[in-house]
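Descriptive analysis of the structure
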Amino acid sequence: MSATIETLVNREYQHGFVTDVEADQLPPGLNEDVVRAISARKNEPQWLLDWRLKAFRRWLTMKEPHWPNVQYPAIDYQAVSYYSAPKLAASKASLDEVDPAILETYSKLGISLNEQKRLEGVAVDAVFDSVSVATTYKEELRKHGIIFCSFGEAVQEHPELVQKYLGSVVPYSDNFFAALNSAVFSDGSFVYIPKGVRCPMELSTYFRINASGTGQFERTLIVADEGAYVSYLEGCTAPKRDENQLHAAVVEIVALDHATVKYSTVQNWYAGDAEGNGGIYNFVTKRGAARGFRSKISWTQVETGSAITWKYPSVILQGDESTGEFYSVAVVNGRQQADTGTKMIHIGRNTKSNIVSKGISAGQGNNAYRGAVKVLPKAEGARNYTQCDSMLVGNACGAHTFPYIEVQNNTATVEHEASTSKIGEDQIFYLKQRGLSAEQAVSMIVSGFCKEVFQELPMEFALEAQQLLGITLEGSVG
Amino acid sequence: MITETQQSLAQAVVARAQADAAAAPGQSIPLPASYAAELDAQVAAAEANGPRWLADLRRAGAAAARAQGFPTTRHEDWHYTTTAAIAEAAFPSLASASGAVTEGDLSDFTFGHAEWPTAVFVNGRFDAARSTLARLPEGVRVRPLAEALREEPEMLERVLGKVATPEAQPFVALNQGLFVDGLLLVVQKEMEADVPVHVLHVTDATGARGATHPRVAIVAERHSKVTVIESHVGLGDAAYLANPVTEVDVADGATVHHVLVQRQSARAFHVAHVEARQGRDSHFVSFSFAVGGQLSRTNVYTLLGGEGCGATLNGLYLLDGAQHCDHQTRIEHAQPNTYSRELYKGILDGQSHGVFNGKVYVRPVAQKTDGKQTNNTLLLSEQAQIDTKPQLEIFADDVKCTHGATVGRLDQTALFYMKSRGLTDETARKLLTYAFAADALETIEIEAVKDSLEALTLARYTT
């Protein structure tokens, strides 16, 4: 049986190709001039440049944190290029002007930017290295008053909205990587759903790192006004390289009264080879503010890629009766390391949070769940339920759980449950004697283990996630 | 098979955590000068008179205490408990047994069994008059530490500082540099003690604004069995620091039951460290009961170092007023086929602050580990606060580990049911509160101790 897990775990990374496009890339290094250069290239207003500079100056005073349960060689922040844009992307009034090589890249990744194809009915904002290259279905969305565009465009066309919400959930001083991102972020997506509008289709951003020697620092801002609803998807891939590339993104979500934002991620950055060479460092700050009465923010993530994943999509439950959810599947294989989880901060009355985390460790991977549930003194009637399960496949991997539960209100009910166990040998045996191969058996057990999370994903994503999981775990059955 | 890389990764993680703990700024307050002076004096005394190993032990303790200072909340192991108040008070070690402690003073703390072999320490020094060590069970040998240091230092050399080490433990380091008395307890191989041994640490009014650093070493030789009760009590309402360290060596096939009863004065600081090292097929059963002190921290650690051994660590803390009570447990599964069971419960009233941090480590070799940990907290008042952090770190695959934590108030449906049966709201609340606590107390196997602590709890919540 170990041979099958072995092959299961070791399938090749499929998205590891490089696209050959001419790029406008800043030389490596970081100083105020680089920040100014990025801002100038994006033709940004003064207030944004000032904000970036404030962030940069703050970043200089901060130290890279080392508390997560991950290990990596020191990052040389001066060796990274902070801006890389494909040359043709400068103006992109229509898709025809997008470099065909880039369109090709996305279609190879299975994402159609061609609206005629009407595939899946999902509006996509495609971010290639540092810039957004195309956003589909803009017109149709505009009819509903929905703004869905690249961050750069939003700064030009809706500066008042950007200025109002930028940094309001993740301030530039929040942490080391958020400060770095605030100083040098290049692009990303911006979403605004007006009052009472239910977004008619899924919105999606697809992030692709292509150029070498660069980092990707994008910023996503989603604002759901009163009574609005939006479901947002995020996907990511990168070429196979021997170097480690840094991805330090920031995602901010604001949900006002009765608004609901559902944010799903399938993260499949290149994870490095079996010896741990190369791969993406995925150090991301994601946070939502459920500000309004009965607002709801739901995070779903499937983390299969990256050499190191370090992120905690969180919800600040400010509004009374607001809800926060976190559903996560994190898989590590090879020498991947993941330290991921969530923070639920209960501030309003009768706030609810639900956390379901499923960790799968295979190969020599190390997977840590780190979560905080905080109930502040005013959060009367707060309710939290946390379930985090880990599965170990193979005997050289590790699974860790670090929940922090802080309760300051006695009307709160907080429950935390965690378990760690080996993939069931008797389950595999049973399935095999029913005629399934070991590989199928493992895949079936794993999808059963992750079912509670997958059912939260939009359908296309659920299928993709399931396949990804199969690929990531390939060769791990022992 | 465990790959070397996995081993080295596990080690590297630990090493980095220690390095981080040492290097990160703001994690500690410098050691107060008076403690530094006390440490120097003990090193000098040991160098002048003591055996060489003692001088080495003192030096290592002093160096570690200096290097670590007093931890603040920036120190991950002390995330919810600051020791600034203890550092600020900088209570000096009590010079000698003072006090006029009478038998009557102690009757409250003997579980109705004054005839049990009892070693009484008053303000940190052995009090022969109050102790009753004449009728020790067969095979059990006890000796006050100060006496053992004079009479059998070679025995102590093999025992002291071997289980509890000062690395990454600021208060163990301080204790190692400063202990002057305590107890050595040895159970001979294959002997089963039929009555418990009670170690009663008392601080009375004359111990106000002083500190004690008692050290207790328990050695259970192979296939022996013993029960040790350690009580830390305060008479009156003095402020003082108690910094006891207990080392327990549980050899192959041995069983040690250890009950910790913390009933310090309401203004006391209490920082206790109990650490066990277990051999093959051994058992360590610990219970920590805490009701006293304004600021208390109790570490209960065990290393499951032999195949087939196991540990049960249970505890109950009942807090009120502005008390702060922190428990940290660490169970390290280092060999295959080991088990651990853990149940800690807390009842928090007033503006009290409870902290629970339960760590379970499973090393790569420790296949077939079976671990279960539970922490339940009942919040009785609006201002009570709990921080709980159950923690699993697993490096082996064929394991079964679970943990659970709950925080809440009394079950409203149970309350409703009882009221519908004619009980008053008040009675129903009291009964449910007591029942919550009794759940943990029931796991104590020594009847008299269980009954006595149950009575104490019942009185607390029903009168």
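Residues numbered from 1 in each chain as written. Chains lettered and ligands numbered in written order. Predicted model: local features only at pLDDT ≥ 70, side-chain atom pairs only at ≥ 80, totals over all residues.

Things to note about the overall build of chain A
Short version of the rule: Each helix corresponds to a stretch of at least 4 residues labelled H or I by DSSP, and each strand to a stretch of at least 2 residues labelled E; elements are numbered beginning at the N terminus. Any residue with 12 or fewer other C-beta atoms within 10 Å of its own C-beta is exposed, any with 20 or more is buried, and the rest are partly exposed; the C-beta atoms used are placed from the backbone. Two residues qualify as being in contact provided that their C-beta atoms, derived from the backbone, are within 7 Å of each other.
Helix and strand counts for chain A stand at 11 helices and 24 strands. Counting the 478 residues in chain A, one finds 59% classified as buried. Counted over contacts in chain A with a minimum sequence separation of 6, partners at least 24 positions apart contribute 83%.

Examining the overall build of chain B
Counted only if it meets this: Here the globule rule is a power law, 2.2 Å times the number of residues to the power 0.38, and the radius of gyration is based on C-alpha atoms.
The number of helices and strands found in chain B is 11 helices and 23 strands. The C-alpha atoms of chain B give a radius of gyration of 22 Å, which matches the 23 Å a tight globule of 463 residues would have. Along the longest, intermediate and shortest principal axes, the C-alpha atoms of chain B span 75 × 60 × 50 Å. When the 463 residues of chain B are sorted by exposure, 54% land in the buried category. By sequence separation, contacts in chain B at least 24 residues apart represent 82% of the contacts at least 6 residues apart.

A few points about the pairing of strand 15 (residues 308–311) of chain A
The two faces of a sheet get side chains in turn, since along a regular strand they alternate between them. Residue and element names in this part refer to chain A. The condition is simple: The rule for pairing is simple: two strands pair if DSSP sees at least two bridges between them.
The side-chain alternation of strand 15 yields two buried faces, one formed by I308 and W310 and the other by T309 and K311. Where strand 15 meets strand 18 (residues 337–340), 4 bridges bridge the pair, whose relative direction is parallel. Paired with T309 across the bridge in strand 18 is A338.

Section: the domain arrangement of chain B
Residues and elements named next belong to chain B. The following threshold applies: For the domain bounds, the source is a domain assignment made automatically or taken from a database. Under the scheme applied here, ten amino acids are nonpolar (Ala, Val, Leu, Ile, Met, Phe, Trp, Tyr, Cys and Pro), four are charged (Asp, Glu, Lys and Arg), and all others, including Gly, are polar.
Partitioning chain B into structural domains gives domain 1 (91–409) and domain 2 (412–463). If you average the C-alpha positions of domain 1 and of domain 2, the two centres end up 25 Å apart. Counting only elements with at least two residues in the side of domain 1 that touches domain 2, the list comes to strand 10 (225–234), strand 13 (255–263), strand 15 (283–290), strand 17 (310–319) and strand 19 (339–348). No other element matches strand 17, which puts 4 residues into the side of domain 1 that touches domain 2. When the residues that make up the side of domain 1 that touches domain 2 are grouped by side-chain class, the tally is 12 nonpolar, 6 polar and 1 charged.

Considerations on the environment of F284(B)
Residue and element names in this part refer to chain B. As for its position among the elements, F284 is in strand 15. Residues F284 and T302 lie 18 residues apart in sequence; the distance between their C-alpha atoms is 8.2 Å. Setting aside its immediate chain neighbours within four residues, F284 contacts V248, V250, V256, A276, Q278, T302 and A311.

A short note on the interface of chain A and chain B
Counting residues at the interface gives 33 residues for chain A and 38 residues for chain B. Counting residues per element, the ones that place at least two in the side of chain A that touches chain B are strand 23 (398–407) and strand 24 (413–422) of chain A. In terms of residue class, the side of chain A that touches chain B is made up of 12 nonpolar, 17 polar and 4 charged. In terms of strand pairing, strand 24 of chain A meets strand 23 (residues 400–408) of chain B through 8 bridges, oriented antiparallel.

Some thoughts on the nonpolar core
Rule in force here: We define a nonpolar core as a collection of buried residues of the types Ala, Val, Leu, Ile, Met, Phe, Trp, Tyr and Cys that are connected via C-beta atoms lying within 7 Å of each other.
Counting 256 residues, the largest nonpolar core has V191(A), A224(A), V230(A), I253(A) and V261(A) as its most contacted members. In terms of residue count, the dominant contributor to this core is helix 10 (residues 438–454) of chain A (8 residues). There are two domains that each give this core at least three residues, and those are domain 1 (91–409) and domain 2 (412–463) of chain B. Leave out the neighbours within four places in its chain, and V230(A) touches V191(A), I193(A), C199(A), L203(A), I222(A), A224(A) and V261(A).

Things to note about unusual backbone geometry
Residues and elements named next belong to chain B. A positive phi angle, close to 55°, is found at A168, a residue other than glycine. Of note, A168 is situated in the loop between helix 7 (153–159) and helix 8 (170–178). Accessibility expressed as a C-beta count within 10 Å gives 17 for A168, which makes it partly exposed. Backbone geometry places N337, a non-glycine residue, at a positive phi of 60°. Structurally, N337 can be placed in the loop between strand 18 (324–333) and strand 19. Here N337 falls in the partly exposed class, since 18 other C-beta atoms lie within 10 Å of it.

Some thoughts on the confidence of the model for chain A
Low pLDDT marks regions whose predicted coordinates should not be analysed in detail. Residue and element names in this part refer to chain A. What counts here: Every residue gets a pLDDT, meaning the predictor's confidence in that residue, from 0 to 100.
Confidence in the prediction for chain A averages 83 pLDDT; 82% of positions are at 70 or higher. Overall, residues 89–93 carries pLDDT values under 50, and its contacts beyond four positions in sequence, including any with other chains, amount to 7 contacts. Across residues 115–120, where pLDDT falls below 50, the model places 5 contacts with residues more than four positions away in sequence or in other chains.

Some words on the confidence of the model for chain B
Confidence in the prediction of chain B, expressed as mean pLDDT, is 91, and 94% of residues score 70 or more. Scoring the predicted complex yields pTM 0.86 and, for the interface, ipTM 0.81.

Observations regarding helix 8 (residues 176–184) of chain A
Residues and elements named next belong to chain A. In terms of residue burial, helix 8 counts as a mostly covered element, since 8 of its 9 residues are buried. Every buried residue belonging to helix 8 is among F177, A178, A179, L180, N181, S182, A183 and V184, and all of these are buried. Considering only its buried residues, helix 8 is in contact with helix 2 (32–41), helix 3 (46–61), strand 8 (219–224), strand 11 (250–255) and strand 13 (279–290).

Considering the packing of helix 9 (residues 412–420) of chain B against helix 10 (residues 425–441) of chain B
All names here are of chain B. Worth spelling out the cut-off: Fitted lines through C-alpha atoms serve as axes, helices being fitted only where they are in contact, and the angles separating the N-to-C directions of these axes extend from 0 to 180 degrees. Oblique is the label for every angle not falling under 35 degrees (roughly parallel), over 145 degrees (roughly antiparallel), or within 65 to 115 degrees (roughly perpendicular). Crossing handedness: left-handed means the near helix sits turned counterclockwise from the far one by under a right angle, and right-handed means the same turn made clockwise.
At a closest axis distance of 9 Å, the pairing of helix 9 and helix 10 adopts a crossing angle of 130°. Comparing their axes, helix 10 and helix 9 come out oblique. The two elements helix 9 and helix 10 meet at a crossing, and its hand is right-handed. Counting all contacts with helix 9, which are made through A414, L415, M418 and K419, the residues of helix 10 involved are D425, A428, R429, L431 and L432. Looking at the contact of helix 9 with helix 10 residue by residue, the classes come out as 6 nonpolar, no polar and 3 charged.

Section: the packing of helix 2 (residues 33–48) of chain B against helix 3 (residues 52–68) of chain B
Residues and elements named next belong to chain B. Running from N to C, helix 2 and helix 3 point in directions that differ by 165°, and their axes come no closer than 8 Å. As summarised for this structure, helix 2 and helix 3 are arranged roughly antiparallel, according to the angle between their axes. Regarding helix 2 and helix 3, the two cross each other, and that crossing is left-handed. Between helix 2 and helix 3, the contacting residues are A36, L39, Q42, V43, A46 and E47 on the first element and L54, A55, R58, R59, A62, A65 and R66 on the second.

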